[in-house]
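Summary of the model geometry
Given next are the chains, with one letter for each unit.
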Amino acid sequence: MKKRTIGSSNLLVSELGLGCMSLPTELEAARSVLDEAVDHGINYFDTADLYDRGINEELIGKVLKEKRQELIIATKVGNKWNGEDSWTWDPSKAYIMNAVKQSLRRLQLDYLDLYQLHGGTMEDDAEETIEAFETLKKEGIIREYGISSIRPTVIERFLNTSHAVSVMMQYSLLDRRPEEYFSMITEKGASVVTRGILAKGLLTNEGMDRAKKMSGFVSYTSSELQQTIQSLSEGTNDLHAYALAFALKEPAVASALIGARTQQQLRESLRAYDTPIDPQLLTMVTNKTEQHLYDQHRV
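What counts as what
Residues numbered from 1 in each chain as written. Predicted model: local features only at pLDDT ≥ 70, side-chain atom pairs only at ≥ 80, totals over all residues. Heavy atoms only, no water. Axes fitted to C-alpha atoms, helices over the stretch in contact; angles between N-to-C directions. Helix = DSSP H or I, 4+ residues; strand = E, 2+ residues; numbered from the N terminus. Parallel < 35°, antiparallel > 145°, perpendicular 65-115°, else oblique. Left-handed = near helix turned anticlockwise from the far one by under 90°. Contact = heavy atoms within 4.5 Å. Nonpolar A, V, L, I, M, F, W, Y, C, P; charged D, E, K, R; others polar. Pairing = 2+ DSSP bridges. Buried < 20%, exposed > 50% of the residue type's maximum accessible area, 1.4 Å probe, protein only. Polar contact = N/O pair within 3.5 Å; in protein donor to acceptor, adjacent residues only side chain to side chain.

1. Re the packing of helix α1 (residues 27–39) against helix α10 (residues 263–274)
Interhelical geometry of α1 versus α10 gives an angle of 20 degrees and a closest axis separation of 9 Å. Viewed along their axes, α1 and α10 adopt a mutual orientation that is roughly parallel. Between α1 and α10 lies a crossing of right-handed hand. Where α1 approaches α10, its residues Ser 32, Val 33, Glu 36 and Ala 37 are matched on the opposing element by Gln 263, Leu 266 and Arg 267. For the contact of α1 with α10, the per-class residue count stands at 3 nonpolar, 2 polar and 2 charged.

2. Side note on the sheet that holds strand β3 (residues 16–19)
An order of β3-β4-β5-β8-β9-β10-β11-β14 is seen for the 8 strands of this closed barrel, with the pairing classed as parallel. Between one strand and the next, the sheet's axes are offset by a mean angle of 30 degrees, whatever the strand orientation. Bridge count between strand β10 (residues 166–170) and strand β11 (residues 191–195): 5 bridges; the pairing is parallel. Within β11, the residue paired with Gln 170 across the bridge is Arg 195.

3. Focus on the side chain of Ser 162
With respect to the helices, strands and loops of the structure, Ser 162 is situated in the loop between α5 (152–160) and β10. Using a relative accessible area of 14% as the deciding quantity, one classes Ser 162 as buried. From its side chain, Ser 162 meets the backbone oxygen of Phe 158 in a polar contact 2.6 Å long. Here the side chain of Ser 162 touches Ala 164 through a polar contact of 3.1 Å, landing on its backbone nitrogen. Contact partners of Ser 162, with chain neighbours within four places excluded, come to Ile 130 and Tyr 145.

4. Describing the packing of α1 against helix α2 (residues 55–64)
Between α1 and α2, whose axes approach to 10 Å, the crossing angle comes to 60 degrees. Relative to α2, α1 is oriented oblique. As for the relative orientation of α1 and α2, their crossing is right-handed in sense. Residues Leu 27, Ala 30, Arg 31, Leu 34, Asp 35 and Val 38 of α1 form the contact with α2, whose participating residues are Leu 59, Ile 60, Lys 62, Val 63 and Leu 64. Grouping the constituent residues of the contact of α1 with α2 by class yields 8 nonpolar, no polar and 3 charged.

Shown next as structure tokens:
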């Protein structure tokens, strides 16, 4: 699998990364997915302390600890559990400095390759948050840091006042809003890590079945969604493959995260990644969602 560098860092990551939120909570079931990913060249694994109240990090730690030197492990911070079913937003330095210790313990690591702020608001004390990340970096506890957010103002402020190297955001053929900010992100020395590239399964070969059960998606109404999926499917006999290729054609994108609960789901994405892509068809598929993006801006 090809690799790309995240921003101005030395982190060399596989073009497909595994977003671990979908992993099953049973150890052996999770192991089967994680091992499959490693065996097929995926070296980038993304989790968060929020996922399954830390169980997700624990599973990754148990399975991947022996392969640690070959891998890039990323996690996130900022959401503090209050009880069994609720959490609050806490981007304070005190919380981050404590939370990183807990994540390292669960992941069975001595350091993190990438530590990400898991959200953010304009009301946050960004200077304090960034000070925490910078301190952790100087101490060797993390190699690099970034932010996971869909808020342009939050992202821009964070990049303007830090040495962040990554921005995780939702991006797909059906959600092209982030393109407006790609140049700003790369100019700041950072890269995009995409999530949601299959748009809840809409951009797979079973997309129409899913579209019929949904009331809409992002700015698409139900009828627009079905029409668009139908049109995209007619353009190629492997929408899954072209959805991945669409995200990876962008130089700003360092890695596209895929989620998988089973080996079979992971294999489908790996197969799609290895499928030869016709550049003309890719352009055609891309253009089919360009008009919708234009119409939304014009409204």
